[in-house]
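Read off the chains here:
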Amino acid sequence: MSREQHIARTFVELADTLVEDFDVIDFLHQMTVRCQELLDVTDAAVFLAHPGPHLHSPAPCSPSPALQRVLEAARHQGPAVDAHRTAQRVTAHSPAVAAVRWPQFAHHLQHAGYSLAVALPMRLRQNVLGSLLLLRTGDRPLNADDLALAQALADAATIGLLQARAIRQQHTVNEQLHTALQSRIVIEQAKGVLAARSNITLNQAFDALRSHARNRRILLSKVARDVIDAGFTPALPRPQTETSGSE
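Residues numbered from 1 in each chain as written. Predicted model: local features only at pLDDT ≥ 70, side-chain atom pairs only at ≥ 80, totals over all residues. Heavy atoms only, no water.

All right, on to unusual backbone geometry then. Its identity as a non-glycine residue notwithstanding, Arg125 has a phi of 55°, on the positive side. For Arg125, the position within the fold is in the loop between β3 (116-124) and β4 (127-136). Unusually for a residue other than glycine, Arg217 sits at a positive phi of about 55°. As for its position among the elements, Arg217 is in the loop between α9 (202-216) and α10 (220-230). For Arg217, a relative accessible area of 59% gives the class exposed. (Helix = DSSP H or I, 4+ residues; strand = E, 2+ residues; numbered from the N terminus. Buried < 20%, exposed > 50% of the residue type's maximum accessible area, 1.4 Å probe, protein only.)

Attention now moves to the packing of aromatic side chains. Under the defined criterion, the tally for this structure stands at 1 aromatic pair. Measuring from ring centre to ring centre gives 6.3 Å for Trp102 and Phe105, while their planes differ by 90°; the resulting arrangement is edge-to-face. For Trp102, a relative accessible area of 5% corresponds to the buried category. When its relative accessible area of 0% is taken as the criterion, Phe105 is described as buried. (Phe/Tyr/Trp six-rings, centres within 6.5 Å; stacked < 30°, edge-to-face > 60°.)

On to the sheet that holds strand β2 (residues 90-92). Ordered in space as β1-β4-β3-β2, the 4 strands form an open sheet in which the pairing is antiparallel. A single partner strand is all that each edge strand has here, and the edge strands are β1 (43-48) and β2. On average, each strand axis in the sheet is inclined to that of its neighbour by 15°, with strand direction left out of account. Bridge analysis of β3 against β4 gives 9 bridges, and the strand direction is antiparallel. For Ala117, the partnering residue across the bridge sits in β4 and is Leu135. Sheet strands in contact with helix α2 (residues 24-38) are β1 and β4, and its direction is about 145° off that of β1. Strand contacts of helix α4 (residues 79-86): β1, β2, β3 and β4, with the helix running at about 150° to β4, the strand carrying the most contacts. (Pairing = 2+ DSSP bridges. Axes fitted to C-alpha atoms, helices over the stretch in contact; angles between N-to-C directions. Contact = heavy atoms within 4.5 Å.)

As a further point, take α10. Residues Leu220, Ser221, Val223, Ala224 and Val227 constitute the buried set of α10. With its buried residues spanning 165° around the axis, α10 presents them on a single face. Every exposed residue of α10 that faces more than 90 degrees away from the buried side is listed here: Asp229 and Ala230. (Arc of directions from axis to C-beta.)

Mapped onto the fold, Arg136 is located in strand β4. The exposure class of Arg136 is buried, given its relative accessible area of 4%. Of the polar contacts made by the side chain of Arg136, one reaches the backbone oxygen of Asp40; its length is 2.9 Å. (Polar contact = N/O pair within 3.5 Å; in protein donor to acceptor, adjacent residues only side chain to side chain.)

With that settled, consider the pairing of β4. Within β4, 8 of the 10 residues are buried, leaving the element largely enclosed by the surrounding structure. Here β1 pairs with β4 via 6 bridges, running antiparallel. Pairing of Phe47 across the sheet is with Ser131, part of β4. Linking two consecutive strands that pair antiparallel, namely β3 and β4, is a turn of 2 residues; a positive phi of about 55° is found at Arg125 within it.

Now the structure itself:
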């Protein structure tokens with residue numbers, strides 16, 4: 001699959017929220033995966049301003065302890081908070097520069113080995129739902145094309161979330177966002193249980209949970225609870241083969 005085809009498929013995915021079984025957790029996870037695939041970044045995380053005064057990152061991931069500390073600090077200070085507050089792109093070009101503005105965030109950023117942090121607002125006109133945080137190692141800054149694509153992905157995800165809210169009534173998606181925050185811990189626990197039970201990686205465990213949920217049109221949190229409470233073991237998805245873009 002060519003990069004152009006990959007980008008086109010991603011925008012179709014981000015627009016596909018007007019369905020009865022729309023799953024916020026799966027939607028946000030898929031966005032972070034696509035950012036890592038399409039952009040010159042090491043890690044990506046979505047932060048949403050719901051509920052309470054601080055940002056939250058409801059999309060499941062399996063970060064290292066160092067990255068987990070970066071994401072926790074980013075909820076309270078740093079580019080992600082400022083991008084949400086100002087609705088503008090905010091960049092920490094290096095941990096040394098970031099230390100002057102966000103000392104706690106910069107400390108964890110440097111300890112985790114990241115050289116760059118960029119946050120882009122998830123916005124549509126006056127609606128700012130949160131921000132997209134991109135982290136990378138190495139000396140090169142993100143180029144203009146990657147920054148433009150990242151903002152377009154953040155905008156598309158925002159539109160998708162707002163469309164889902166409008167089509168169902170505002171409180172429905174808000175309730176899902178709140179449930180996503182509560183369900184994340186259940187999903188992470190299920191990943192660990194399934195990985196240990198089946199002797200697979202955490203990523204393979206999540207792929208199995210996600211595949212089972214999608215194939216049967218049920219929520220990830222429901223599958224996770226079945227794994228933990230009922231001893232359910234979903235089948236591992238078969239590896240997919242990509243078609244060459246030259247065909």
